[in-house]
Structures are given as structure tokens and as C-alpha cells.
Amino acid sequence: MANANVMDKIVSLAKRRGFVFQSSEIYGGLGSVWDYGPLGVELKKNLKERWWRSMVYQRDDIEGVDAAILMHPKVWEASGHVSGFTDPLVDCKQCKHRFRADDPRLKGTPGEPDAQCPVCGNKGTLTAPRLFNLMFKTFMGPVEEQAAVVYLRPETAQGIYVNYLNVLQSSRQKIPFGIAQIGKAFRNEITPGNFTFRTREFEQMEMQFFVKPGEDERWFEEWKAARMQWHADLGITAARLRFHPHAKDELAHYAKAAFDIEYEFPFGWQEFEGIHNRTDFDLGRHQEHSGKKLDYLDPATNTRFLPYVIETSLGADRLALVTLVDAYTEEEVEGEQRVVLRFLPAIAPIKAGVFPLVKKDGMPEFATRLAADLRHHLTVFYDDGGSIGRRYRRQDEAGTPFGITVDGQTLEDQTVTVRDRDTLRQERVAAVGLLAYLQARLVG
Ligand code: GAP
């Protein structure tokens, strides 16, 4: 299934079934910005909740925060983003298109007469590469002048560093401890693409773990293993997951060591989470630029040190794309082709479809009541249109793990059939015990 054709099918299913729509589509769309539809918002919300639960609720050494997107402009000077968060770009003076300097479509040497623009085809019109900052700028307050420039954050991490002391003092945590955050980030990417893989507005789930210098390498290994295990527990195909260590020349300006977790998408192996040893770079820079002491007094030894940071940084949109691609399956069932999204039941947007077998004999009334009861606890879709086979297929395509059918026997003995999306096995279950039956299968 590793080909572009599969990606086209997934993009088309995502739109048809309401996972992802292009932003502002009725106006022709906005480049590399996407909206989540009714199923997509549930999938992404389930993934974010699962991450938050594992980071913040299931551990006693990580606290959560929700920092603002807009931050003091000095934050980005201190972090190195104003000077260092750049891509080398080439402009065509003729057609005004802009390219990354490493764009494989560029022929010749940009800046020289032999270079050819891949869009307008002119020769000698490409500029030599120039550094272009990826941060979006806007203005704060009523005046649009240099002094009022603020940035849309390009990573959520800085909102954690500037709150490190606040959290330490208000939560009574001791080092080692972590701070987790889920939030939007913005990058003016020049070669975005591959659906929601690289976008200009996206969400990150980041956790910064503050440790004693010297213990950083051990914690780095611990978090690497924990994050890979988390993806395995999510049911992502093991053979399509791997680590990619950053070589020295790939390391971000803040990192001493970094490993990506990569997934094998139909368009190749690509990063969707990064684990970084950021040393004391960020706290050191914020201490220097703010003039505020950020070091830690170790109560055990009564000595002071600036903590090192191990960061885990996962893109919520990339993770949603990984789960969508990994779940996508085409197969033949009872002589018919079906498309099924084999999501882990716990993250499926809709947990159960409820169907009256026919629209008579009290079946719709029973099924409507059943669906209403279940809705207090689970996401449920009620469907009484078309053959039961077609209704099952529609839910297969949405990744709904359970299909519940109310039939003639239901009215006699108050049992329903429960169809399993993956095995297609049907079990009769008493309506009274249905919720407990489903809930037992939704954990994990
Ligand atoms: N705080 C560290 C940091 O931001 P990064 O490797 O630049 O590190 C981390 O980004 C994760 O954020 C990536 O692995 C990816 O999942 C997500 N991400 C980064 N840029 C993105 C983009 N343009 N579109 C979608 N997700 C992106």
C-alpha cells in the first residue's frame, strides 16, 4: 500500500467522510491550512486526551500548562528563533515565486545565469539563496510599527520555559519533573504539502522534563523508549515505526542530541515526533535575556544548578495523519470490496453505530432509545437508511468499532447483535449489559 495512489484515496476519504477539509475551501482554499470535520475533530481530540492522560494524569512528576500563543518578543530573541529559525530561499525576479534553496526542481546555481526557474522557465532570474525567517509576525495594539511586532509562536516549548519557575513554585515539584502542554504553533513553511503532514498552522503536544545535568543522557534514553512504547500501545504497525538519530549537522540550534520517531507514510519515512536533549540552552538564554535567576536549589545537596531539559515534541496533526494512514485498509469481505479504518477502538471518532434492522415493528423506537442511552457515555451514530450491509460499510469507513443491530429477536428477549468491525463476528448481548460490554472493549 506504499504508493501515492493510496494517499489520494485517504485524502478523498478524509474529505468525503468529514475528517479533514481544506481551509476556506469555498474561496479556493488557503495554502497548507486545514480544518477538521466532525470525525476528524473527534479523532484528534481522542489522541490529545490520550497523550494528556499518559503525561499528566498517570504520572505524579508532570504538570500541565496552557500558555498564550502571543509572547513577549524578547522570548524569541532569547530562544534563538529570531536569528536562527530560518530556511535558505531563492526568489524568481520574473514570476516572483519563492523556493527552498534545496528544492530538487531548481536547475543550475541560483544567483548565476545558468539557473532556471521551475515555474516560469526563465534563465538567470533566480536570486542567490537568502535566509528567510519562518515565524509569522503580527502587530500588537493599534500601531503597525516595528516596536509593536509580536510573533505567532513557532513551537509551544517556550511557553513552558518562561513558566518553569511559576510551576516549580506553585506545584511543589522537585527536579526531576516535567511540564506538558498542548497548543497551536505556526510556521510560514515554504514547501508545505503532503496533505496535513506539513502545514502552516498546527498543534503540538510537548513535554519538557527538567533534570540535573549529568542525568540528562539517562533521561533521554528513558523518554525515547517511553515515547516509542506509547505509539506501539496506540496500535501503530511496528514495522512502520523507527528512530532516526540526528547527525551533528542536522541538530537544531538548541540540541545536544536528538532522535526523531518516524513513520513510513505512502510518501516515505517522515518524522512525527522529536525527542531532544536541549541541555540548559533555553533556561540559560532566558536567564540571560530576562535577568531573572532560573537556577534550582537542590535541597539534597544545597547546591544550585541550571536544569537540563529533555523534550518530547509530538505533532497532533501528524499523529492524526499517522493513525489515519495506518488504519486505512482495503479488503475483500464476503465477495465484496470494503474500506475499513482499523483505529484502536479507544481513539475511534464514533464508538458505536446503532441500527434498527427494518423501519417497522417497534425496532426504530427501541433502537432510538438505546442510542439515546448510550450517548450519555459514548459517541454513537444512529442510522436507519438503506440495507444493513450498506450501513455496516458506512461505519467501517468511519472506523466505528461496533455495529449494534436491533432485530425481531430484540423485541422478544431484549438482546441486540454486536458486530465487530475487524473480525466481523456478531454476538448477541443483553441490551441491559450493552454499555458495560462496549466499555470493556474500549479500554486500551
Ligand atoms: N519544540 C521542538 C520542536 O518544535 P520540531 O521537530 O520542529 O521540534 C516537533 O517539531 C513536531 O511538531 C514534529 O515532529 C511534527 O510532528 C510537528 N510539526 C513541526 N512542524 C510542523 C508543520 N509545519 N506541520 C505539522 N506539524 C509540524
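Heads up: the structure comes first, above all this text.
The rules behind the values
- Residues numbered from 1 in each chain as written.
- Predicted model: local features only at pLDDT ≥ 70, side-chain atom pairs only at ≥ 80, totals over all residues.
- Heavy atoms only, no water.
- Pairing = 2+ DSSP bridges.
- Helix = DSSP H or I, 4+ residues; strand = E, 2+ residues; numbered from the N terminus.
- Axes fitted to C-alpha atoms, helices over the stretch in contact; angles between N-to-C directions.
- Contact = heavy atoms within 4.5 Å.
- Core = buried A, V, L, I, M, F, W, Y, C linked by side-chain atoms within 4.5 Å.
- Buried < 20%, exposed > 50% of the residue type's maximum accessible area, 1.4 Å probe, protein only.
- Expected span 1.5 Å × (residues − 1).
- Phe/Tyr/Trp six-rings, centres within 6.5 Å; stacked < 30°, edge-to-face > 60°.
- Lys NZ or Arg CZ within 6 Å of the ring centre and 35° of its normal.

1. Some details on the sheet that holds strand 10 (residues 201–211)
Reasoning step 1: Strand order in the open sheet formed by seven strands is 3-9-10-16-13-12-11, and the pairing between neighbours is mixed. Each having just a single partner strand, strand 3 (62–64) and strand 11 (241–245) make up the two edges of the open sheet. Sheet twist, expressed as the mean angle between neighbouring strand axes with direction ignored, is 25°.
Reasoning step 2: The pairing of strand 12 (residues 257–265) with strand 13 (residues 268–279) spans nine bridges and is antiparallel. From the neighbouring strand, E262 faces strand 13, where its bridge partner is E271.
Reasoning step 3: Against the sheet, helix 2 (residues 38–57) touches strand 3, strand 9 (177–186), strand 10 and strand 16 (308–315), its axis set at about 160° to strand 9.

2. Describing the nonpolar core
Reasoning step 1: Core analysis: the largest hydrophobic core is formed by 54 residues, its most contacted members being F19, W51 and F343.
Reasoning step 2: Judged by nonpolar contacts, the second largest core, of 21 residues, contains M363, F402, A431 and L434.

3. Examining helix 9 (residues 316–327)
Reasoning step 1: Spanning twelve residues, helix 9 covers 16 Å between terminal C-alpha atoms, matching the ideal 16 Å at 1.5 Å per step.
Reasoning step 2: Burial of helix 9 is extensive: twelve of the twelve residues sit out of reach of the surface.

4. Considering the packing of aromatic side chains
Reasoning step 1: Inspection of every chain in the model, using the stated rule, returns 16 aromatic pairs.
Reasoning step 2: Geometrically, the ring pair formed by W51 and W52 is tilted, given 6.5 Å between the ring centres and 45° between the ring planes.
Reasoning step 3: Classification of W51 by relative accessible area gives buried; the value is 0%.
Reasoning step 4: Plain terms: the ring middles of F197 and F265 are 5.4 Å apart, the flat faces sit at 75° to each other, and that makes the pair edge-to-face. Linking F197 in the loop between strand 9 and strand 10 with F265 in strand 12, this pair joins segments that are 68 residues apart in sequence. In this structure, F197 and F265 share a single accessibility class: buried.
Reasoning step 5: Among the aromatic residues, those joined into a cluster by ring pairs are F197, Y263, F265 and F267.
Reasoning step 6: Its end group placed over the ring of F243, K224 keeps NZ or CZ at 5.1 Å from the ring centre.
Reasoning step 7: The residue whose ring lies beneath R441 is Y437, and the NZ or CZ to ring-centre distance is 3.6 Å.

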